[in-house]
2 protein chains.
Amino acid sequence: MKVAVMGYGTVGSGVVEVIDSHNDVIKKRTGGEALEVAHILDLRDFPDDSHAALFTKDFNDILNDSEVKVVAETMGGVEPAFTFTMQLLEAGKSVVTSNKELVAQKGLKLLEAAEKSGANYLFEASVGGGIPIIRPMSQCLAANNIEGVAGILNGTTNFILTKMIEEGMDFDDALKLAQDNGYAEKDPTADIEGFDACRKVCILASLAFGKHVYPNQVQTEGITNITLEDVAYISSVKGVIKLLGQIKYISDDKIAAFVSPAVVQHGSQLASVNDVFNAILVRGDAVGDVCFYGPGAGKLPTASAVVADMVDAAKHIFRKKIFGWGAGFEGYVVDYKDTIEMPFYVRAKAPTNKVQSAFGEVKFLSRIGQPSNEVAFITDKMTENQLRDKLTNIDVINIIKVTSY
Amino acid sequence: MKVAVMGYGTVGSGVVEVIDSHNDVIKKRTGGEALEVAHILDLRDFPDDSHAALFTKDFNDILNDSEVKVVAETMGGVEPAFTFTMQLLEAGKSVVTSNKELVAQKGLKLLEAAEKSGANYLFEASVGGGIPIIRPMSQCLAANNIEGVAGILNGTTNFILTKMIEEGMDFDDALKLAQDNGYAEKDPTADIEGFDACRKVCILASLAFGKHVYPNQVQTEGITNITLEDVAYISSVKGVIKLLGQIKYISDDKIAAFVSPAVVQHGSQLASVNDVFNAILVRGDAVGDVCFYGPGAGKLPTASAVVADMVDAAKHIFRKKIFGWGAGFEGYVVDYKDTIEMPFYVRAKAPTNKVQSAFGEVKFLSRIGQPSNEVAFITDKMTENQLRDKLTNIDVINIIKVTSY
């Protein structure tokens, strides 16, 4: 079957490579049919590439090739990826993508277009890179009420936090190392401010609870405020700091969804997820906790997820996959700060008795080199707004959520 | 849609309970159709059960009910489950099961029967209880050459080993605690001798590499030889002992598949899998390592996997799922002892110089209370037969494989 690839960056070139090198295994899964890359769309020139003859700068070469039934969109960004994808789906071609920004912003519209024309829009690679998560989650969903989802969804920040925790490297050095290793972009904002994780939370929340959640509905906090002092205090109570995307079911018309650093206790499957790896934990009322772990990014892992979706689309050329992903509404995602109760880690410049008079008995933490006017403690469960009230007269240095996953 | 349940033990009664309590979510996944339990087959009487009216002792009540399209087989054992399943599949009814013994022994025959009649035979719940693994593995397979699979596949033995490692409980006490908690049977042989894990290895190997592997082809060693002394030595090098099922690709006509205790290093995703939890790690050439974690047994987790398969069967009533699971042959599963190289942990009564003259430089381990005539060490990579040769003149107490997962 003829296929096309749009965007020949890291993932797109990986897709072509995986198709070239894995057609034997692909044929086994399609029942005998190989995938054949017929067009590669990119505005750049690749004169020395072994696929040089396949390149085009004109999207219409793909749109108008009636033999092309499945297209991989690995361009990234909303435009022109959205316009291209929409036209392909309307023309009845299936599109698979690793583009989390597009799925998070426009997933509902694209799924509706696919529904209408009978094509498929698949996006396994948009969350968790090579980790199978979209289908396993649908599977868990079939006989469970999902209570919550928590994920380490960004490899760059997990790499930085791992270096801080395991090697005592400070944030700036760890970020620089991530950049030197190619894990972080020159402008690392989307990673370290949590925007990338936010997009993945949108996709997971939309799938888990069937209503589109947009990035601007997800309160998002990055890791730039995390210091080695926080790491040390939390390590003293056998915990680690992870950047988590969390989604919680409240009612059929209400969920909470947010991204923030969070304290995870040793023993949790999320605590041992290190370096650039990702993991997604799904909590169901019948199954309990299941967790999916693997490489969250990288050329070949992500490409292999894209190609697996291409194989799936090729097998289901006349059959729609149903994700049960409908429209959301104003107020569907609540302000978690007012709703979700949890314990918090607080570091402050304050005497212990002032803390005790505000909070009653709390668990105080300690670290080597702790200044005499600094305290750190873990509170009882409460909402973040209740916490802020109690902290009114306390000189807070940092606050980190403590998760139950 | 009318369905039936055969076997009203722990899992079977869980299936009925999950269907009763989750029809809202089931309807979302089937596109509106609820599952309705029409018959429950069991030879025992359940006069006080709220489903008393549905019970039958006559299998023909299910076979001859033309409205029943999907049947859950949760009886366990090979017979009469095999005969019943075969007749149902031949009659065009789909069967889903948690019965690992039956799938491991007769999976190929049953899949062939399903293939012939256009029904589905699904068995997600037979490996890893509630963990989605069968479908995610198919998905990984679509664009990866699988290099190996390693799994903690038995909750009972993992519970026992966890108690030995974390609480210094000896084997007998840990086994008794597992029995008191209902995790181990009165006759715990199938668990502690590795037979249960062996069946699951057969299923995973058959799926991963497309040829049926039978239990008698899988060399299987249980955990009864593991002592607290071994736990202590291995703990000194940041390792833990787990009962692992391991499958390794050698060539398209050769694999290795075996069950045994194995040393897993801290930092591996398998090392932090504790208590009755299971995890399966799949290593693909493109994706790298992905790992699936969750409850490996238990009434509701396993039942939720059975019901998810029922939903899937109900959705695909006219469409076969293809697993690509064909016949194996003599010699397909090699003797790993002659083939697979790995490091070994050895504990022996021997002077260190005797060990060094047999092995050259090795890594010696130590423990508190170590007798002066006892040594423990980790070897270089070699086959088990090469190891045994070198140990000819050494008084060995225990040998444990060291895994690379």
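Heads up: the structure comes first, above all this text.
Here the residue numbering is sequential within each chain, running from 1 through the sequence in written order. The lettering of chains begins at A and the numbering of ligands begins at 1, in the order of writing. With pLDDT at 70 or above as the cut-off, local features in this predicted model cover only qualifying residues; side-chain atom pairs require 80 or more to be listed or tallied, and sums for whole chains, interfaces and linings still use all residues. Side-chain measures here rest on the full set of heavy atoms in the structure, leaving out hydrogens and waters.

Draft legend 1. Up close: the sheet that holds strand β2 (residues 36-41) of chain A. All names here are of chain A. By the convention used here, strands pair only if DSSP detects at least 2 bridges between them. Put simply, DSSP marks the helices as runs of H or I at least four residues long and the strands as runs of E at least two long, and each gets a number from the N terminus on. Pairing within the open sheet is parallel, and its six strands lie in the order β3-β2-β1-β4-β5-β6. Since the sheet does not close on itself, it has two edges, and those belong to β3 (55-56) and β6 (121-122), each with one partner. In the sheet, strand β4 (residues 68-73) pairs with strand β5 (residues 94-97) via four bridges, with the strands oriented parallel. Of the residues in β5, the one forming a bridge with Val70 is Ser94.

Draft legend 2. Region of interest: the state of the cysteines. Two cysteine sulfurs form what is called a disulfide whenever their separation falls within 2.5 Å. In the structure shown here, the tally under the stated rule is zero disulfides over all chains. Between A:Cys202, a free cysteine, and A:Cys198, which holds the nearest cysteine sulfur, the sulfur-to-sulfur gap is 4.4 Å. Of all cysteine sulfurs in the structure, the one in A:Cys291 sits closest to B:Cys291, which takes part in no disulfide; the separation is 8.0 Å. Buried, partly exposed and exposed residues are distinguished by accessible area as a fraction of the type maximum, computed with a 1.4 Å probe on protein chains only: under 20%, between the cut-offs, and over 50%, respectively. The class of B:Cys291 is buried, set by a relative accessible area of 2%.

Draft legend 3. Molecular detail of the environment of B:Thr74. Residue and element names in this part refer to chain B. In this structure, Thr74 sits in the loop between β4 (68-73) and α4 (81-90). Sequence separation between Thr74 and Ala376 is 302 residues; the distance between their C-alpha atoms is 45 Å. Contact criterion: two residues are considered in contact whenever any of their non-hydrogen atoms come within 4.5 Å of each other. Ignoring any residue separated from it by four or fewer positions in sequence, one finds Thr74 in contact with Val5, Met6, Gly7, Val11, Gly12, Val15, Ser98 and Val306. A distance of 2.8 Å separates a polar atom in the side chain of Thr74 from the backbone oxygen of Gly7. For this analysis, a polar contact is any N or O atom pair within 3.5 Å, provided that within protein one partner can donate a hydrogen and the other can accept it, and provided that sequence-adjacent residues contribute only side-chain to side-chain pairs.

Draft legend 4. Quick peek at the packing of aromatic side chains. All names here are of chain A. Pairing of aromatic rings covers Phe, Tyr and the six-membered ring of Trp, with a centre-to-centre limit of 6.5 Å; geometry is then stacked below 30 degrees between planes, edge-to-face above 60, and tilted otherwise. Evaluated as defined, the whole model comprises 29 aromatic pairs over all chains. Consider the rings of Tyr8 and Phe55, whose centres lie 4.9 Å apart with planes at 90°: the pair is edge-to-face. Taken together, the residues span a long stretch of sequence, with Tyr8 in the loop between β1 (2-6) and α1 (10-21) and Phe55 in strand β3 at a distance of 47 residues. Judged by relative accessible area, which is 8%, Tyr8 ranks as buried. Put simply, the rings of Tyr8, Phe46 and Phe55 pair up and form one aromatic cluster. Any Lys NZ or Arg CZ found within 6 Å of a ring centre and within 35 degrees of that ring's normal is scored as a charge over the ring. Here Lys106 stacks its cationic end above the ring of Phe82, 4.9 Å away from the centre of that ring.

Draft legend 5. Molecular detail of the relation of the copies chain B and chain A. Superposition of the copies used a least-squares fit over C-alpha atoms from residues whose pLDDT is at least 70 in both. When chain B is brought onto chain A, the operation consists of a screw motion whose angular component is 180° and whose axial shift is 0.0 Å, with 0.0 Å RMSD remaining. The operation mapping one copy onto its partner corresponds to a two-fold rotation axis. No C-alpha of chain B approaches the rotation axis more nearly than that of B:Phe292, which lies at 2.4 Å. Most of the interface of chain B is mirrored in chain A, where 100% of its interface residues are also at the interface.

Draft legend 6. Expanded view of the interface of chain B and chain A. Listed per partner, the contact involves 43 residues of chain B and 43 residues of chain A. Between chain B and chain A, the buried area comes to about 3600 Å², and carbon and sulfur atoms account for 54% of it. A per-residue breakdown of the area chain B buries against chain A is headed by B:Arg29, B:Gln139 and B:Gln269, which together make up 18% of the total. The element best represented in the side of chain B that touches chain A is strand β12 (residues 288-295) of chain B, accounting for seven residues. When residues are grouped by polarity, Ala, Val, Leu, Ile, Met, Phe, Trp, Tyr, Cys and Pro land in nonpolar, Asp, Glu, Lys and Arg in charged, and all others, Gly among them, in polar. Split into classes, the residues belonging to the side of chain B that touches chain A amount to 26 nonpolar, eleven polar and six charged. Joining two parts hides part of their accessible area as seen by a 1.4 Å probe, and the buried area is that hidden amount summed over both.

Draft legend 7. Fine view of the sheet that holds strand β2 (residues 36-41) of chain B. Read from one edge to the other, the open sheet built from six strands follows the order β3-β2-β1-β4-β5-β6 (chain B), with strand pairing classed as parallel. Each end of this open sheet is capped by a strand with a single partner; those strands are β3 (55-56) and β6 (121-122) of chain B.

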